[in-house]
Amino acid sequence: MHSDDAARLSPGEPHRISAGLRTRFVEEFGRDPDGVWFAPGRANLNGEHVDFHGGRCLPMALAHGTYVAAAPRQDGLLRLRTLDPELDAGVQTLSVAAVDAVVGDDSRAPDDGEAPEIEAPVITDVHTLVPGEVSGWTWYVAGTLWALARLGEETPELAVPEGFGADLLICSTLPIGGGLSSSAALECSAMLAFVALATPLGAANPGTALDSALDDELRARLAAACMRAEVEVVGAGTGGLDQTVSLRGRAGHVVSLDCRDFTVERLPMDGLLAEHAFLAIDTRQAHWLGDGQFDDRRADSEAAMHLLGVDRLRDLLPEHPETGEVDAALARFDELTGGHELASEAEGLEGRSTAACRRRLRHALTEMLRSEQLDRILADEGLEPTTAAAQVGRILTAGHASMRDDAEVSFPAADALVETVSEVGALGARLIGGGFGGSVLALVPRDREDAVIGAAARVCQEQGFTAPRFLTVEPSAPARVVG
Ligand code: ADP
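Residues numbered from 1 in each chain as written. Predicted model: local features only at pLDDT ≥ 70, side-chain atom pairs only at ≥ 80, totals over all residues. Heavy atoms only, no water.

Some details on the layout of surface pockets
Alright, step 1. Of the pockets and cavities examined, the second largest pocket occupies roughly 330 Å³.
Alright, step 2. Lining the second largest pocket are 19 residues, with Val96, Asp100, Ala149, Pro161 and Glu162 sitting closest to its centre.
Alright, step 3. Residue assignment for the lining of the second largest pocket shows that the elements contributing at least two residues are α2 (96-104) and α3 (138-154).
Alright, step 4. Top element by residues in the lining of the second largest pocket is α3. It accounts for 7 residues. (1 Å grid on protein atoms, 1.4 Å probe; cavity = no way out; pocket = protein on both sides within 12 Å on 5 of 7 lines; lining within 4 Å. Points joined across faces, edges and corners; volume = space filled by probe spheres on them. Helix = DSSP H or I, 4+ residues; strand = E, 2+ residues; numbered from the N terminus.)

Below is the structure:
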C-alpha cells in the first residue's frame, strides 16, 4: 500500500453509505426513514469572490458529498443529528415555528456580524431559541426548510403544509470547512429531503421519480432558496455558486455558470480528463466565512463598485473581455480616487483603504477575465487536450497569485502547496473556496498524481503544517435520491 493512501479521501459507495445510514436512523429514531438523499460538494476551477458580482464561475460537482436520511413528523419539530464526529452532540430538536419567529425578528439581522459559532453547543430545546443567540450547524438545515416554505408560498407544487416537521440523520464524505462546500451540500441534500417529504411535487413523484421531476428550472429555484437560507438565516455572504453546482452539476462536465442570471452551460471534460486529473488538497486549516473576513473582502470590492457607479463589477467588462478592459477599469478607479491613500478622502469608499479596495477590484476583474478565458478554452472542442490542459494550468496558477496578492485570502500552507506541486509536475494549482483556509486544486497528469501527493505531504511535514488530505475530483452528478 502506498504510504499516502491513508490521506486520500474516498467518496465511498453511495448504496453502502445509504444502507448504513438507514440502519443508524432506525437505531436513532425508532422507525424507518422514508428515503436517503445526497448532494455533492464542489471544486471551483475559477471564479472565487465574483459570484455576487455577476462573474462567471466554473465549478464541478464532486463525487464526495452529504447524505441525509429522513422521515416526516406532524408536530412541527425538526429533530436533527449529524454523524460528523466533531459536530455531533446527539439529537438536536427545534421547532419550525420558532425558527420562523427568529428569522422574522429584525434584531437578528443577517449582516450584524453575529456568525453562528461552529464549536458552540447547538440548540437542544425549543425553549432555548432566543433571538440573537441562536448558533450552530442546525441553522443550515432549519434555514433550508424555512426558505423552501417561503418558495412554496409562490410555487404551489412546492408548498410546505403547516405543522410539517422531520427527523433527519446526516453524514458526509466531504471534509467540513475544507473549502469544498460541505455547507451547500448539507443545505441541498436537506432541501431534496424536504421537497420529497413535504411538498405536492414530492408526493406526486415518490422515490427516485423525484430526480426526473426536478427539471433544471425547478433546481435553479431550489438553489436560490438554499442560497437564501445561507444568507438570511445563517448570515454568510454566499453568492449562489455552491448551491447551483450542487443542484445543477453534471457527471463528466464542468458547469459554466453566468452569475448575472444563473444560466448554466455544461462543458464536457472527458478529453482533458483522459490523461489529467484535478486533485483537491484539503489543507485542513479550517476556515469560517462567518467570522467577518470574507464579508470584509466583499465590502472592499463593493466600495470600489459604488465608486465606479455600477451595480455589479461584471458590468465594467464587455461580453468577451480582454486585458485592456481590465486595465481601463483600474485606470478609471485611479482617476476617481485621485491617488488618495485614505479611502475616506475618496467619495464612495466608506472609509476603507483605497489600496485595498483597488486590490479587491483587480482580483474581481482579473478573476472574471480568467473565467471567460477558461470558458472559451473548455468550450473549444477542436483544442488538443494537452494544449488545453497546459492553458488551464497556467490560468489556475495566475488565479492563485490573485487570491494571494489581490484578494489577500491565501495563507502559508496554500502558497507552499501551490509552489511545491508545480515543481513536481502539476500544470497549475490554486486556492479554491472563500479562502483563509480550505483546499488547493491542482491539475495533474494522471501519471504524476502519486508524485504530487507525496511532495505535497512532505512539504507540509517539513514546514510544520497540518498533514493534508487528498481527493481526486471526478466531475459528478448533482443532488439526487439515493435510496
Ligand atoms: P466548507 O464549505 O469549506 O466545507 P463552510 O464554512 O461552507 O465550509 O461550512 C461548514 C459548516 O457547515 C460547518 O461548520 C457546519 O456548521 C455545517 N456543516 C457542513 N457539513 C455538515 C455536516 N455533515 N453535519 C453538520 N454540519 C455540517
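There's more to say after this.
Focus on the packing of helix α10 (residues 293-308) against helix α12 (residues 354-379)
Alright, step 1. Running from N to C, α10 and α12 point in directions that differ by 90 degrees, and their axes come no closer than 8 Å. If you check the angle between α10 and α12, you find them roughly perpendicular. Contacts between α10 and α12 involve Arg297, Asp300, Ser301, Ala303, Ala304 and Leu308 from the first element and Ala356, Cys357, Arg360 and Leu361 from the second.
Alright, step 2. For the contact of α10 with α12, the class distribution of residues is 6 nonpolar, 1 polar and 3 charged. (Axes fitted to C-alpha atoms, helices over the stretch in contact; angles between N-to-C directions. Parallel < 35°, antiparallel > 145°, perpendicular 65-115°, else oblique. Contact = heavy atoms within 4.5 Å. Nonpolar A, V, L, I, M, F, W, Y, C, P; charged D, E, K, R; others polar.)

Side note on the sheet that holds strand β8 (residues 263-268)
Alright, step 1. Here we have 3 strands laid out as an open sheet, ordered β2-β7-β8, and antiparallel in their pairing. Edge positions in the open sheet fall to β2 (56-57) and β8, since each of these has one partner strand only.
Alright, step 2. Two elements, strand β7 (residues 253-258) and β8, share 6 bridges in a ladder whose sense is antiparallel. Directly across from Val254, in β8, lies its bridge partner Leu267. (Pairing = 2+ DSSP bridges.)

A short note on the UniProt feature "domain: GHMP kinase C-terminal" (unreviewed entry) in the chain
Alright, step 1. This chain's UniProt record puts "domain: GHMP kinase C-terminal" (unreviewed entry) on residues 390-459.
Alright, step 2. Between the C-alpha atoms that bound residues 390-459 there is a distance of 24 Å. The span itself is 56% helix and 17% strand. (UniProt positions renumbered as here; feature names shortened; annotations may be inferred.)

Let's talk about helix α13 (residues 385-405)
Alright, step 1. Between its first and last C-alpha atoms α13 spans 30 Å; for 21 residues at 1.5 Å apiece the expected length is 30 Å, and the two agree.
Alright, step 2. Every buried residue of α13 is listed here: Ala388, Ala389, Val392, Gly393, Ile395, Leu396, Gly399, His400, Ser402 and Met403.
Alright, step 3. The inward-facing, buried residues of α13 abut α9 (270-275), β9 (276-282), α12, α14 (412-423), β10 (428-432) and β11 (439-445). (Expected span 1.5 Å × (residues − 1). Buried < 20%, exposed > 50% of the residue type's maximum accessible area, 1.4 Å probe, protein only.)

Considering the packing of aromatic side chains
Alright, step 1. The tally for this structure, following the rule as stated, stands at 3 aromatic pairs.
Alright, step 2. Between Phe38 and Tyr67 the ring centres are 4.7 Å apart and the planes differ by 55 degrees, which places this aromatic pair in the tilted class. With Phe38 in strand β1 (residues 35-44) and Tyr67 in strand β3 (residues 59-73), the pair connects residues that are 29 residues apart, well separated along the chain. Neither Phe38 nor Tyr67 differs from the other in exposure class; each is buried.
Alright, step 3. Over the ring of Phe52 we find Arg298, and its NZ or CZ is 4.1 Å from the ring centre. (Phe/Tyr/Trp six-rings, centres within 6.5 Å; stacked < 30°, edge-to-face > 60°. Lys NZ or Arg CZ within 6 Å of the ring centre and 35° of its normal.)

Some details on empty space enclosed by the protein
Alright, step 1. For the coordinates displayed, the defined rule picks out 1 cavity of 30 Å³ or more.
Alright, step 2. Roughly 70 Å³ of volume is contained in the largest cavity.
Alright, step 3. Residue assignment for the lining of the largest cavity shows that the elements contributing at least two residues are α10 and α12.
Alright, step 4. Residue classes in the lining of the largest cavity are distributed as 3 nonpolar, 3 polar and 3 charged.

Remarks on the side chain of Glu48
Alright, step 1. With respect to the helices, strands and loops of the structure, Glu48 is situated in the loop between β1 and β2.
Alright, step 2. Notably, Glu48 is buried but unbridged: the nearest opposite-charge side chain belongs to Arg42, and the N-O separation is 4.6 Å.
Alright, step 3. A polar side-chain atom of Glu48 sits 2.7 Å from the main-chain amide nitrogen of Gly433. (Lys, Arg positive; Asp, Glu negative; His and termini not counted. Salt bridge = Lys/Arg side-chain N within 4 Å of Asp/Glu carboxyl O. Polar contact = N/O pair within 3.5 Å; in protein donor to acceptor, adjacent residues only side chain to side chain.)

Concerning the domain arrangement of the chain
Alright, step 1. Here the chain is described as being made up of domain 1 (3-264) and domain 2 (269-473).
Alright, step 2. Contacts between the two partners involve 40 residues from domain 1, matched on the other side by 55 residues from domain 2.
Alright, step 3. For the domain 1 and domain 2 pair, buried surface summed over both sides reaches about 4,000 Å², with 61% attributable to carbon and sulfur atoms.
Alright, step 4. At the boundary of domain 1 with domain 2, the tally comes to 4 salt bridges.
Alright, step 5. Between Arg8 and Asp450 there is a salt bridge whose closest N-O contact spans 2.9 Å.
Alright, step 6. Across the domain 1-domain 2 interface, the total number found is 19 residue pairs in polar contact (both at pLDDT 80 or more).
Alright, step 7. When contributions to the side of domain 1 that touches domain 2 are tallied by element, the ones reaching two or more residues are β1, β2, β3 and β7.
Alright, step 8. Of the residues belonging to the side of domain 1 that touches domain 2, the class tally is 17 nonpolar, 17 polar and 6 charged. (Domains from an automatic or database assignment. Buried area = accessible area lost by both parts, 1.4 Å probe.)

Comments concerning the nonpolar core
Alright, step 1. Counting 49 residues, the largest nonpolar core has Trp37, Val141, Leu168, Phe194 and Leu222 as the members making the most contacts within it.
Alright, step 2. Of all elements in the fold, only β1, β3, β4 (77-82), α3, β6 (165-172), α4 (182-198) and α7 (216-234) reach the threshold of two or more residues within this core.
Alright, step 3. With 11 residues, α4 is the single largest residue contributor to this core.
Alright, step 4. Other than its neighbours up to four places away in sequence, Phe194 contacts Leu78, Val141, Thr144, Leu145, Leu148, Phe164, Ala166, Leu168 and Thr199.
Alright, step 5. Within the second largest apolar cluster, 28 residues are counted, among which are Leu174, Val254, Met269 and Leu374. (Core = buried A, V, L, I, M, F, W, Y, C linked by side-chain atoms within 4.5 Å.)

Points about unusual backbone geometry
Alright, step 1. Unusually for a residue other than glycine, Glu408 sits at a positive phi of about 55 degrees.
Alright, step 2. Residue position: Glu408 is located in the loop between α13 and α14.
Alright, step 3. The backbone phi angle of Phe436 is positive, close to 60 degrees, even though this residue is not glycine.
Alright, step 4. Among the residues examined, Phe436 registers a relative accessible area of 21% and is labelled partly exposed.

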